[in-house]
Amino acid sequence: MKVKNTNQRRDFIKTSAVLTGGAMLSPFGLPGAYAAGEDAIKIAVIGCGGRGTGAVFQAFETGHNIKLVAMADAFKDRLDQSYERIFKKYGKDKVVVPEEMKFVGFEGYKHAMKEADVVIIATPPGFRPDHFEEAVKQEKQIFMEKPVATDAVGIRRVLAAAEIAKAKKLNVVVGLQRHYQDNYIQTIERIHNGAIGDIIGGQVFWNDGGVWVRERQPGQTEMEYQMRNWYYFNWLCGDHITEQHVHNIDVANWVKNGYPVKAEGTGGRTVRRGKDHGEIFDHHVVLFTYEDGTVIHSECRHFPGATNRVDESFQGTSGKAYMNAGHVGRLSDYKGNSLYDHDGKGNANPYQVEHDKLFAAIVKGEYKFADAENAAKSTMSSILGRYATYSGKVITWDEAINSNINLMPETLAWDATPKVVPNEDGYYAFAVPGQTNVV
C-alpha cells in the first residue's frame with residue numbers, strides 16, 4: 001500500500017508534539033515501566049558510544065531512583081569504555097551491570113532490553129528500526145536518539161512500530177531536543193499564534209567543519225571498518241543531512257506544522273574526498289516545498305576552515321523569526337521593532353529536559369510522549385533532501401517514502417559484506433547527480 005503525504009497540518013499537530021495533557025494511568029498501567037513499590041527503575045543502554053553514555057548520565061541526573069542493569073554494543077571495547085565512565089561517575093549503587101549483562105555483538109540488544117523497564121537506543125541510525133521495533137515488541141518505555149532510520153524502508157518500519165507503541169501506551173521520547181528547549185518552544189508557539197503572520201519562507205543551516213574520522217586498521221573486516229567509521233556510510237549514518245541537519249529540518253517542519261511535499265537541490269564532495277570519507281557528500285543545498293507552496297532553503301556542509309552557521313530563520317507576512325541552539329529566539333517586524341526576544345539566561349539543558357520529562361511521566365504512571373512519528377517524518381524529510389541532491393532531480397514526498405531501495409546489508413555479521421565496498425584503489429563509489437537512482 002502506498003504511503004501518502006495528505007492532511008499534513010492536521011497530522012503534524014496530532015503526531016509531532018508531546019501529548020501534553022497526558023493519560024493518567026495507575027502506576028502499574030505502563031507496560032514495561034516502573035511500578036510503585038519497586039526499588040528502582042531499571043534501564044538498559046543499547047549503543048555505548050558518547051551519546052549512549054551521555055544519555056545514561058542524563059537519566060541518572062533526573063534524580064529518580066534509577067539503576068543501569070544491562071548494556072549492549074557491537075564492540076566490546078566500546079561497551080567497556082562506557083561502563084568504566086558510568087561506573088566511575090555513579091558507582092555501584094546505580095550501576096548494577098555484571099559481566100553476564102554486558103551483551104556484545106549484533107543481537108545483544110534483544111537480551112539487554114529484556115532486563116529493563118526503560119531502554120535507551122543510541123546506536124548508529126541504520127540500526128534504529130530494528131532496535132525500536134524490538135523495544136516496542138518487548139513493551140518498553142523508550143528514549144531513542146535521532147535520526148530514526150537511513151532510508152525509506154526503515155522509515156516505514158518505524159512509522160508502523162510507532163503506531164503499535166501508541167496503542168500500547170509506551171512513552172517514546174526522541175532526541176530532537178529542540179522540542180524540549182525553551183527558546184524554541186516559546187518562539188514557535190508565538191509563530192503559531194500569528195505573531196509574524198503566515199510563514200512564507202525560511203532558511204535552515206548546519207554548516208560546520210565536520211566530525212571525526214576513524215582510519216582503517218590492520219585485520220579489520222570490511223563490516224568492522226564501516227561500523228567503526230560509521231559516519232561515512234549511508235546504511236549506518238544516512239549522510240550528514242540526515243544525521244545532523246535533521247535537527248534544523250525538523251524545526252522547519254515544526255514551524256510549518258507539516259512536512260515537505262517535494263525537494264530539489266544540489267550536493268557533492270568538494271573538500272572531503274579521502275578513502276576514509278566513504279560515500280557521503282560534504283555539502284547539500286536543498287529547496288523544500290510545503291503543501292501551501294512555501295519554500296524553505298536548507299543548507300548543510302562540512303568544510304574545515306569555512307564559516308560555521310547552525311540556526312533557523314523564517315519570514316512571515318508581517319515579520320521574521322530567528323532561533324538557534326544557544327537559547328536565542330527572536331521575533332521582529334520588518335521595520336526592526338522587536339516582537340519577542342527570548343531570555344535564555346538560566347534556561348535548562350534540553351538534553352537533560354528530555355530525560356527529566358520522560359522519567360517523571362514514568363514515575364507517575366503517565367502515558368505522555370509519542371515522539372516517534374514526527375521523528376520518523378522529519379527524518380524522512382532529510383532523506384527526501386538526500387534523494388534530491390544525490391539524483392539531481394525533483395523528488396516528491398510520495399516517491400521518496402515509497403522507495404524500496406534498502407541500504408542495509410543482507411546479513412549482519414563480522415564476515416558479511418556490506419552493499420557498498422571499496423574499489424581496488426580503496427575508494428568508495430558515491431552518488432552522481434543525473435545518474436544515481438534513489439527511488
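Residues numbered from 1 in each chain as written. Predicted model: local features only at pLDDT ≥ 70, side-chain atom pairs only at ≥ 80, totals over all residues. Heavy atoms only, no water.

(A) Inspection of the overall build of the protein at higher detail. On a plain count of helices and strands, the protein comes out with 13 helices and 17 strands. In summary, the protein has a C-alpha radius of gyration of 21 Å against a globular reference of 22 Å for 439 residues, a match within 12%. Taking the principal axes of the C-alpha coordinates as reference, the protein spans close to 60 × 60 × 45 Å. Residues classed as buried in the protein amount to 58% of the 439 residues present. (Helix = DSSP H or I, 4+ residues; strand = E, 2+ residues; numbered from the N terminus. Rg over C-alpha atoms; globule rule 2.2 N^0.38 Å. Buried < 20%, exposed > 50% of the residue type's maximum accessible area, 1.4 Å probe, protein only.)

(B) Inspection of the sheet that holds strand 2 (residues 41–46) at higher detail. Reading across the sheet, the six strands line up as 4-3-2-5-6-7 and stay open at both edges, with parallel pairing between neighbours. Both outer strands of the open sheet, strand 4 (102–104) and strand 7 (172–174), are each paired with one neighbouring strand and no more. When strand polarity is set aside, the average angle formed by the axes of neighbouring strands in this sheet is 15°. Here six bridges tie strand 2 to strand 3 (residues 66–73), and the two strands are oriented parallel to one another. By the bridge assignment, Val45 is partnered in strand 3 with Met71. (Pairing = 2+ DSSP bridges. Axes fitted to C-alpha atoms, helices over the stretch in contact; angles between N-to-C directions.)

(C) Broad picture of empty space enclosed by the protein. By the definition in use, this model includes two cavities of 30 Å³ or more. Considering only enclosed or pocket space, the largest cavity measures out at about 80 Å³ in volume. Around the largest cavity sit Gly126, Pro129, Asp130, Ala149, Thr150, Asp151, Val153, Gly154, Arg157, Asn406 and Met408, which together line it. For the lining of the largest cavity, the elements supplying multiple residues, two or more each, are helix 5 (128–137) and helix 6 (152–167). Ranked by the residues each element gives to the lining of the largest cavity, the list is headed by helix 6, at three residues. For the lining of the largest cavity, the class distribution of residues is four nonpolar, four polar and three charged. Roughly 40 Å³ of internal volume is contained in the second largest cavity. Around the second largest cavity, the lining residues are Ala162, Ala165, Lys166, Leu170, Val172, Tyr367, Ala370, Ala372 and Glu373. Only helix 6 and helix 12 (372–391) provide two or more residues apiece to the lining of the second largest cavity. When grouped by side-chain class, the residues that make up the lining of the second largest cavity number seven nonpolar, no polar and two charged. (1 Å grid on protein atoms, 1.4 Å probe; cavity = no way out; pocket = protein on both sides within 12 Å on 5 of 7 lines; lining within 4 Å. Points joined across faces, edges and corners; volume = space filled by probe spheres on them. Nonpolar A, V, L, I, M, F, W, Y, C, P; charged D, E, K, R; others polar.)

(D) How the structure looks around the packing of helix 6 against helix 12. Close contact between helix 6 and helix 12 brings their axes to 9 Å; oriented N to C, the two are set at 170°. Taken together, the axes of helix 6 and helix 12 are roughly antiparallel relative to one another. Across the interface between the two elements, Ala152, Ile155, Val158, Leu159, Ala162, Glu163 and Lys166 of helix 6 pack against Ala372, Glu373, Ala376, Lys377, Thr379, Met380, Ile383 and Tyr387 of helix 12. Across the contact of helix 6 with helix 12, the residue classes tally to 10 nonpolar, one polar and four charged. (Parallel < 35°, antiparallel > 145°, perpendicular 65-115°, else oblique. Contact = heavy atoms within 4.5 Å.)

(E) Representation of the sheet that holds strand 11 (residues 295–302) in the model. Strand order in the open sheet formed by nine strands is 15-14-13-12-8-11-10-9-17, and the pairing between neighbours is mixed. Looking at the sheet topology across the chains shown, the edges are occupied by strand 15 (338–341) and strand 17 (395–396). Where strand 13 (residues 320–324) meets strand 14 (residues 328–332), five bridges bridge the pair, whose relative direction is antiparallel. From the neighbouring strand, Ala321 faces strand 14, where its bridge partner is Leu331. Packed on one face of the sheet, helix 10 (residues 246–256) meets strand 8 (199–208), strand 10 (283–289), strand 11, strand 12 (309–316) and strand 13 and runs near 165° to strand 8.

(F) Just unusual backbone geometry, in detail. Put simply, Lys146 and Pro147 share a cis peptide bond, and its omega is -20°. Relative to the helices and strands, Pro147 resides in the loop between strand 6 (141–144) and helix 6. Of note in this structure, Glu139 is not a glycine but carries a positive phi near 60°.

(G) Quick peek at the confidence of the model for the protein. On average, the protein scores 94 in pLDDT, and the residues at 70 or more come to 91%. Of the regions scoring below 50 in pLDDT, residues 13–18 engages in 16 contacts with residues more than four places distant in sequence or in other chains. (pLDDT = per-residue confidence, 0-100.)

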